[in-house]
Amino acid sequence: MFLQSVSLWNLAFYALMVFMATLGLWDVFFGFEENKCSMSYMFEYPEYQKIELPKKLAKRYPAYELYLYGEGSYAEEHKILPLTGIPVLFLPGNAGSYKQVRSIGSIALRKAEDIDFKYHFDFFSVNFNEELVALYGGSLQKQTKFVHECIKTILKLYKGQEFAPKSVAIIGHSMGGLVARALLTLKNFKQDLINLLITQATPHVAPVMPLDRFITDFYMTVNNYWILNARHINLTTLSVAGGFRDYQVRSGLTFLPKLSHHTSALSVVSSAVPKTWVSTDHLSIVWCKQLQLTTVRAFFDLIDADTKQITQNPKKKLSVLNHHFIRHPAKHFEENPAIISDLTGTSMWVPVKVSKWTYVAYNESDKIYFTFPLANHRKIYTHVYCQSTMLDTNSWIFGCINSTSMCRQGIDLSWKAELLPTIKSLTLRLQDYPSLSHLVVYVPSIHGSKFVVDCEFFKKETRSIQLPVTHLFSFGLSSRKVILNTSGLFYNIELLNFRQIYQAFKINVVSKCSGVKEEITSIYKLHIPWSYEDSLTIAQVPSSTEISLKLHIAQPENDSHVALLKMYTSSDCQYEVTVKTSFSQILGQVVRFHGGALPAYVTSSILLAYGGQLYSLFSTGHCLEYATMLDKEAKPYKVDPLVIMIKFLLGYKWFKELWDVLLLPELDAIVLTSQSMCFPLVSLILFLFGTCTAYWGGLLSSTSVRLLSSLWLALKRPSELPKDIKMISADLPFLTIVLIIVSWTTCGAFAILLTYLYYVFKIVHLQASLTTYKNSQTVNPKHSRRSEKKSNHHKDSTVHYLRLSANDAEDSLRMHSTVINLLTWIVLLSMPSLIYWLKNLRYYFKLNPDPCKPLAFILIPTMAILGNTHTVSIKSSKLLKATSQFPLPLAVGVIAFGSAHLYRVPCFIFIPLLLHALCNFM
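Criteria and cut-off values
- Residues numbered from 1 in each chain as written.
- Predicted model: local features only at pLDDT ≥ 70, side-chain atom pairs only at ≥ 80, totals over all residues.
- Heavy atoms only, no water.
- UniProt positions renumbered as here; feature names shortened; annotations may be inferred.
- Phe/Tyr/Trp six-rings, centres within 6.5 Å; stacked < 30°, edge-to-face > 60°.
- Helix = DSSP H or I, 4+ residues; strand = E, 2+ residues; numbered from the N terminus.
- Buried < 20%, exposed > 50% of the residue type's maximum accessible area, 1.4 Å probe, protein only.
- Lys NZ or Arg CZ within 6 Å of the ring centre and 35° of its normal.
- Pairing = 2+ DSSP bridges.
- Axes fitted to C-alpha atoms, helices over the stretch in contact; angles between N-to-C directions.
- Parallel < 35°, antiparallel > 145°, perpendicular 65-115°, else oblique.
- Contact = heavy atoms within 4.5 Å.
- Nonpolar A, V, L, I, M, F, W, Y, C, P; charged D, E, K, R; others polar.
- Domains from an automatic or database assignment.
- Polar contact = N/O pair within 3.5 Å; in protein donor to acceptor, adjacent residues only side chain to side chain.

As recorded in an unreviewed UniProt entry, the protein chain goes by GPI inositol-deacylase and comes from Neomonachus schauinslandi. UniProt, in its Subcellular location (unreviewed entry) section for the protein chain, records the words "Endoplasmic reticulum membrane". Quoted verbatim from the Function (unreviewed entry) field of the UniProt record, the comment on the protein chain reads "GPI inositol-deacylase that catalyzes the remove of the acyl chain linked to the 2-OH position of inositol ring from the GPI-anchored protein (GPI-AP) in the endoplasmic reticulum. Initiates the post-attachment remodeling phase of GPI-AP biogenesis and participates in endoplasmic reticulum (ER)-to-Golgi transport of GPI-anchored protein."

In structure tokens, the structure reads:
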């Protein structure tokens, strides 16, 4: 019956929307590189020593604990406190375990062993009982206060030691990183208690799913504090994102706000981190061996030799983090590196006058200095590029001043090099070094190993090639191509017009090589100059390599840089680069950036259909099918233009002042614009996806009711249609009071779920009664017609007692099916707090604070009345016409205020349900 009310064209449209949504979801959940992270293993059995907390603290936070990580002999030694190392506190995130500290803790222990425990770190971890703080924000403040107490407890463990620490370093995974930032908002918290903060896959900008106001209020408090007090916050902070593999927290949310006066914060994607170069998912970021090794190296470089603790020098901290996480020069970190190096000793000096040079070093017995005179090259070329496949940490390239055949001292240019997976490279603009007379490349004496050094001089215009990306709506049908004909080692492909998050492309690099016998490696690096989200692709040439091209962060308005594809190539190969739009990845970006707003759009479509049903009941006396009204009423032009108009008017001062006087919240579209998340036509796409979801959801609920009614009839004897319609039965007040008490004493979401189940039971019972009636009509049609007439007679002759006919029952079921769809979304959006309450039931019987309690108090009696409401009892209501008009503005409101604040959606659903219930009395 549900499918019969939909035309084939509409059915085809809904099927197309499912296909498009599937393409987007596939790109988000599967359209990324394979997991290239190496697993980190423990060399000895990991142990977690529980730190005894003060009794008052343990009583105040019964679900939380503090642990010290250790392995083998180290764990045995440190069971006897106090401690002597450098404290690091690990904070797990949403549903995270305190045992996740073991990866970095074990690697740090091995590193300490390598230096004979000259320095070592003590890794502590907080057990938050795996709370779902990303879904329920009521415990975030509690976690923050507990961490403050843990820091004070940890520092007491070092009392009396010669080099006792005065602060701790914090590593926060996911929401743990946000809790760490929230410490600064506490009244009695001293900022000096934290010397370094590293967050991993932490959504700093906004919650992934704003499911209750406690989460959004917490975010607002933390971010406002950090912005308003940026001048006074000296805490060095590093945020590491997982890249496209992390579909739980998109990387754009992890970037800390860039403030001109707050330079101690860095944000980077793991694919851009030197020596890591991989994308990580939300969990693997805590055990990815490449990333944890980088983090541990940074920790040891941060140690101050005098205090044997992490340095208090903010410049050094930032330098270390830049060295390990942003640009690695293939040298060990030095706080004050020697710029001038001595080039003495018994070495060969070989002059090189050609513009392109390659040297293959194998079993070299003597050190060799190759010198490149720059005077003649300056007249012809603008840049010089050198690379070496020997990835040691020694200096390898220098600049000489006023030299002839050899120089005793040179400027160490190795610090300006960049480490890549298979080479270290250096590009210099010659005019930036006018005092240099020679470039010197150093080849050490080696035995048993082989490496290659290349250098070439070139003009910038010959290696910088512009490639405009294809149009967004070309759908991959057209492409643009460039061919690299010259035999260079390095190219910059400028990707023009690539700046927005809704753009997505596929780049195909085809390499053809001539006369190549051995395998050659090329590196293709996508460089985004306005954010550290670079990614590298390593290809064995000749080959055809496909690269995905999409952004985590849109280009800022005041930024004029161009995204680059840096190609480190072979001079023996020719390369062809093709770019074309990827429609599936565009849909993936829509889902990635706006998928969380879908419940608001689904609800908007259902509200429009609901309003249409109420109006048809008022105008014709009959309620039309849900699918029919969804097709007729759920139109984007009823919603989007109003939201766009309001956004436009808010640009005028007088309208903004009027808006503020009315105490209206900020428009969600403005919030998205501030986060650079505005797609063209995104609201239309989401509305179509929402209508499609509303349709298939309605089909699912209708089918479920029919199946449950069939099961009811199979287990219980057939029931008849109610003879008398009573809005308030004898047991209804008692049931309502019981559910309200449940809401007050336990959890509001639990009471809402029970109310939902009661409502579904009433509808299933009505469906079963109607099915029984229709079956009896088929068996004895004459008797059924007499019963129908008798029912109509009673309906006309009495006011207080109405008889329910089959037609009225069908109308009621149509209306109830829409109400079920609306109520289902209330239950789904309140489910996170219910799950949180159930998980912590052994600690707290009553959820406090409870985001659903106010809604439950009003929704319970409303749904109790609606469960006993039939269309025949409200079609003559004076309030019905006004009630039918309300869903339209509410459908607009739920998009305007609920797409970025999902906890507001149930409020927009509840209002028409309340008016519907009041129609019984007015």
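Using the criterion set out here, one finds 38 aromatic pairs in the structure. Judged by centre distance (5.4 Å) and plane angle (55 degrees), the rings of F121 and F299 are tilted. Here the residue F121 occupies a position in strand β4 (residues 121–127), and F299 occupies one in helix α8 (residues 289–301), the gap between them amounting to 178 residues. Grouping residues by exposure puts F121 and F299 together as buried. In this structure an aromatic cluster arises from ring pairing among W357, Y359, F370, F372, Y381 and F457. For the cation-ring pair, K331 lies above W415, with the distance from its terminal atom to the ring centre recorded as 4.9 Å. Between K550 and the ring centre of F244, over which it is positioned, the NZ or CZ distance is 4.9 Å.

With antiparallel pairing, the five strands of this open sheet are ordered in space as β13-β21-β15-β19-β18. For this open sheet the edge positions go to β13 (356–362) and β18 (418–419), each flanked by a neighbour on one side alone. Strand direction decides the pairing type here: strand β15 (residues 383–388) and strand β19 (residues 424–429), joined by six bridges, are antiparallel. Residue pairing for β19: H383 is matched across the bridge by R429.

A few words now on the packing of helix α14 (residues 626–633) against helix α18 (residues 682–715). Put simply, α14 and α18 touch, their axes get as near as 10 Å, and they point 170 degrees apart. Considering the angle they form, α14 stands roughly antiparallel to α18. Across the interface between the two elements, Y626, A627 and L630 of α14 pack against T691, A694, Y695 and G698 of α18. For the contact of α14 with α18, the per-class residue count stands at five nonpolar, two polar and no charged.

Another point: the domain arrangement of the protein chain. Structurally, the protein chain comprises domain 1 (46–326), domain 2 (341–461), domain 3 (463–590) and domain 4 (596–776 + 803–919). Measuring from the centre of the C-alpha atoms in domain 3 to the corresponding centre in domain 4 gives 48 Å. Between the two partners, domain 3 and domain 4, sit zero residue pairs in polar contact (both at pLDDT 80 or more). Looking at the side of domain 3 that touches domain 4, its residues break down into seven nonpolar, one polar and no charged.

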